[in-house]
Amino acid sequence: MEFSNDKKIVFSGVQPSGNLTLGNYLGAIKNWKTLQDEYNCIYCVVDMHAITVRQDPAELRRRTLETLAIYIASGLDPKENLLFVQSHVPAHAQLAWVLDCYTMFGELSRMTQFKDKSAKNAQNINAGLFTYPSLMAADILLYKTALVPVGVDQKQHIEITRDVAERFNQIYGETFVIPEPYMPKTGTKIFSLAEPTKKMSKSDENENASIKLLDTKDAIIRKFKRAVTDSDTCVKYAEGKDGINNLMTIYSCFTSKSMEEIEKEFDGRGYGDFKLAVGEACADGLAPLQAEYARLMADKGYLESILKEGASYASYLASKTLSKVYRKIGFYQTK
Ligand code: AQP
């Protein structure tokens, strides 16, 4: 594959740190395919980010390929989009080190994700968890990215990327393109079904808290039935109704109905009816992705060929930015 010169670059990724959830899908992946005609899109499986939390090696390996298959099954055409695994392109680690030296301790200390993950993994507050934003900045800046489609939880990391890039540009002259976050209208933050004030996360140990993209229809319906709501009975989008608001958001993402339309549809009906409808809309919405995923996973040779080709083209693009950066900061380069 080769990008056309006149289109802006989009970059995003998901960590293969667990089985992907509805949050990853509605907040990020589902929207990626809408960008593939207008932009040159790069979607990476960010395995280097995943090891900031301890991973089982066999699981990490398996999930890396599964995540690629989910990207394609979600509608990303490998001929149109550059798909690859982060650790296959060493320039990510190389630029991350340089950016580490231009990112302040105070800036990194303010990152919400660092605070949340440190609290969750008190036994393993490693340096990688702390410098995660520099690696993410490297991912984005290596490819002259203009837009980064992410859920709202990642907005702070885009802001720090912009700050570091602007700082670098100010010292050394125009080097990096300053990226913008790109967020969907609905679904920028999907909440846990068990604790609807908490983000739905793939690493949540409570099985009932998240819908996994590969969950069966029965499991999906069961999980929605158990979703925590409130003691009211009225399907209405309102303050204090976190559980119902979350279910309405999910239903809206799958049916494209507005909150008013949903309120009307379930007027006078109880939560039971509504939860069942959300479960069915979600399961039916995910069914084509699941079928395509199964087909792709039966052909690992094809998936590997995409990864090899992707790594090769990504390395070529990334090496151009990296050598420019090395030159600007004064690293000696032989002719
Ligand atoms: N609950 C969510 N709602 C909307 N968007 C979400 N994203 C994640 N959770 C939600 C978006 O998915 C993309 C990939 O996320 P990631 O894998 O890089 O890391 P994350 O944000 O830390 O996702 P998880 O699922 O919570 O992973 P773990 O449990 O490993 O930390 C991002 O664009 C993110 O915004």
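Structure: see above.
In this text the structure is predicted, and so the values were computed from the model without any measurement.

Asker: Please clarify how the site of the ligand should be interpreted in this entry.
Answerer: The environment of the ligand is made up of 22 residues, and the closest members are K117, D153, S201, K202 and S203. Measuring from an oxygen atom of the ligand, one finds a side-chain N or O atom of K202 at 2.5 Å. In the complex, the protein chains occlude 97% of the 640 Å² of accessible area that the ligand would expose alone. Secondary-structure elements contributing two or more residues to the shell around the ligand are β1 (9-14) and α1 (22-32). Per-element accounting of the shell around the ligand gives the leading share, four residues, to α1.

Asker: When you look at the packing of helix α4 (residues 91-100) against helix α13 (residues 300-329) in this model, what are you seeing that I'm missing?
Answerer: Helix-helix packing: each pair is described by the crossing angle between the helix axes and the interaxial distance. Between α4 and α13, the shortest axis-to-axis distance is 10 Å and the interhelical angle comes to 30°. Put simply, α4 runs roughly parallel to α13. Like other packed secondary-structure pairs, α4 and α13 cross with a definite hand, here left-handed. Residues A91, Q94, L95 and V98 of α4 lie in contact with α13, whose contacting residues are A318, L322, V325, Y326 and I329. When grouped by side-chain class, the residues that make up the contact of α4 with α13 number eight nonpolar, one polar and no charged.

Asker: Where do I start with the packing of aromatic side chains in this structure?
Answerer: Remark: the centre distance and the inter-plane angle together describe each pair of aromatic rings, the angle taken between the planes. Per the counting criterion, the structure on display carries 16 aromatic pairs. An angle of 5° between the planes, with centres 4.2 Å apart, marks the rings of W32 and Y43 as stacked. Of this pair, W32 sits in helix α1 while Y43 sits in strand β2 (residues 40-45); the two residues are eleven residues apart in sequence, bridging distant segments of the chain. Aromatic ring contacts, followed pair by pair, group Y102, F168, Y172 and F176 into a single cluster.

So, how was this worked out
Residues take numbers from 1 onward in each chain, read along the sequence in its written order. Only residues with pLDDT of at least 70 get local features here, since the model is predicted, and only at 80 or more are side-chain atom pairs given and counted; chain-wide, interface and lining totals rely on the full set of residues. As a rule here, side-chain values come from all non-hydrogen atoms in the structure, and water together with hydrogens is ignored. Here a residue is near a molecule or strand as soon as one of its heavy atoms is found within 4 Å of it. Here a polar contact means two N or O atoms within 3.5 Å. Within protein one must be a hydrogen donor candidate and the other an acceptor candidate, and residues neighboring in sequence count only if both atoms are side-chain atoms. All accessibility values rest on the Shrake-Rupley procedure with a 1.4 Å probe; residue burial counts only the protein chains present in the view. Secondary structure follows DSSP: runs of H or I at least 4 residues long count as helices, runs of E at least 2 residues long count as strands, and numbering of each begins at the N terminus. With axes taken as lines fitted to C-alpha atoms, and helix axes fitted only over the stretch in contact, angles between N-to-C directions fall between 0 and 180 degrees. Here the angle decides the label: under 35 degrees means roughly parallel, over 145 means roughly antiparallel, 65 to 115 means roughly perpendicular, and every other value means oblique. Here a crossing is taken to be left-handed if its near helix is turned anticlockwise relative to the far helix by less than a right angle, and right-handed if that turn runs clockwise. Note on definitions: a residue-residue contact is assigned when non-hydrogen atoms from the two residues lie within 4.5 Å. Under the scheme applied, nonpolar residues are Ala, Val, Leu, Ile, Met, Phe, Trp, Tyr, Cys and Pro; charged residues are Asp, Glu, Lys and Arg; polar residues are all the others, including Gly. Aromatic pairs are defined between Phe, Tyr and Trp rings, using the six-membered ring for Trp, whenever the two ring centres lie within 6.5 Å; interplanar angles under 30 degrees are classed as stacked, those over 60 as edge-to-face, and all others as tilted.

Bear in mind that shape data such as this cannot, by itself, settle questions of function.
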